[in-house]
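Spelled out, the chains give:
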Amino acid sequence: MLILAIESSCDDTAAAVLEPENRVLSSIISNQNEIHSRFGGIVPELASRRHIEMIRPVVDEALGQAGVGLNDIDLIAATRGPGLVGSLLVGFTFAKALALVRGLPCVGVDHMAGHLLSCLLEDNQPHFPYTALIVSGGNTSLFAVNDPMTFSRLGRTRDDAAGEAFDKVAKLLELGYPGGPVISRLATEGNPKAIAFPRARLGEDSLDFSFSGLKTSVASHVANQRRNQQPLAVADICASFQEAVVEVLADKTLAAAQQTGHRRVVIGGGVAANPRLRAVLTQRCTEQGLELFMPSPVLCTDNAAMIALAGYYQFLGGQLVDADTDAYSRSPLN
Ligand code: KG4
């Protein structure tokens, strides 16, 4: 069986071809960073327009790189939500139209399910059940994953997502968009203990997150420095901010694994590409005797290969969509 998948939930137009047994034949991602960078964040209308321009070339490239044609495809999968509805509608409508014209089954995949399963695309795959941290620009949540279709949420952010905090701090420091990669690069040159930014714990047993206070604290620090005409120690700010985010993410993930009793921990989402988070979690999981599974960075950020895999399981579960099925902005999983 060959699956063609499309992902367009935010600012990446992506398409992939997957064979069952998790062989990714192609995975193409066209990002829009140069369009949104000067705004310091995503402009939804510009994102939708770019998806419209890119959807066909990206799908053609995915088919071409896989060495297959539409005639070889057995199933179409596309992200149905959550995300920016204008962006989602481009990919999801394209997928439904393609399925209709070709007489193929079509599945509408939850983006979160894609991130929760992306580790299964790697050679070293976790067995079920596992505890998963999904941390991206739109989400920061913890889940218990019992099988490829059964996820229960253990905690989530009450305000900003961690990636959103990275992006907002980068905007404040005039570092461009997306903020995560540039902050993590600069952080390597800074002192993580230079500034004592707050860590929101939200109570002993809580597995929820909050990053808006941290973001405000960085904003106050920057405003104070500027008011006092002090030079900004950008690398120290980046390192201290990153450390505060990573510490909370690691603490809550370990606490979640303790609550579930799972021996396996999985991460996913764009922020899961952060080298400091990966290093801290590796050390903490080793200390606790937990197995940690981290997708390669290219499978952490938005991609269509993970949508193909989640779509495959949905197809096996008989969950097809028809031409009238709508996209959604908020995930029922979250
Ligand atoms: O999963 P993703 O591609 O899209 C969303 O669903 O949001 O994640 C993008 C987010 C952005 O907020 C970006 O700043 C963040 O992931 N990100 C990182 C890193 N690489 C990407 N955050 C921290 N460190 C990184 N190395």
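Attention in this report is confined to the structure presented alongside it. A quick note: this is a predicted structure, and the numbers were derived from the prediction, not measured. (Residues numbered from 1 in each chain as written. Predicted model: local features only at pLDDT ≥ 70, side-chain atom pairs only at ≥ 80, totals over all residues. Heavy atoms only, no water.)

This part is about the packing of helix α5 (residues 162–172) against helix α7 (residues 212–227). The relative placement of two packed helices comes down to the angle between their axes together with the axis-to-axis distance. Axis separation between α5 and α7 bottoms out at 10 Å; the angle between their running directions is 10°. Accordingly, the angle class assigned to the pair α5 and α7 is roughly parallel. The residues of α7 that touch α5, namely those facing K168, V169 and L172, are K215, V218, A219, V222 and R226. Residues that form the contact of α5 with α7 fall into these classes: five nonpolar, no polar and three charged. (Axes fitted to C-alpha atoms, helices over the stretch in contact; angles between N-to-C directions. Helix = DSSP H or I, 4+ residues; strand = E, 2+ residues; numbered from the N terminus. Parallel < 35°, antiparallel > 145°, perpendicular 65-115°, else oblique. Contact = heavy atoms within 4.5 Å. Nonpolar A, V, L, I, M, F, W, Y, C, P; charged D, E, K, R; others polar.)

Another point: the pairing of strand β1 (residues 3–7). Along β1, five of the five residues are buried, which leaves the element largely enclosed by surrounding structure. Of the two faces of β1, both are covered, the one formed by I3, A5 and E7 as well as the one formed by L4 and I6. As paired elements, β1 and strand β2 (residues 12–19) share five bridges and run antiparallel to each other. Looking at β2, one finds that A5 is bridged to A16. (Buried < 20%, exposed > 50% of the residue type's maximum accessible area, 1.4 Å probe, protein only. Pairing = 2+ DSSP bridges.)

What follows covers the pattern of salt bridges. Tallying each qualifying case throughout the model produces twelve salt bridges. Here R276 makes a salt bridge to E243, at a shortest N to O gap of 2.8 Å. Taken as a pair, R276 in helix α9 (residues 275–288) and E243 in helix α8 (residues 234–260) lie far apart in primary sequence, 33 residues in all. Look at E243 and you get buried, because its relative accessible area is 14%. Between D251 and R284 there is a salt bridge, with its nearest N and O atoms 2.8 Å apart. One end of the pair, D251, is in helix α8; the other, R284, is in helix α9, with 33 residues separating them in the sequence. (Salt bridge = Lys/Arg side-chain N within 4 Å of Asp/Glu carboxyl O.)

Here we come to the sheet that holds strand β8 (residues 150–156). Spatial ordering of the open sheet is given by β8-β7-β6-β9-β10, a layout of five strands whose pairing is mixed. Every interior strand has two partners, whereas the edge strands, β8 and β10 (291–293), have only one. Averaged over all adjacent pairs, the angle separating strand axes in this sheet is 25°, with direction ignored.

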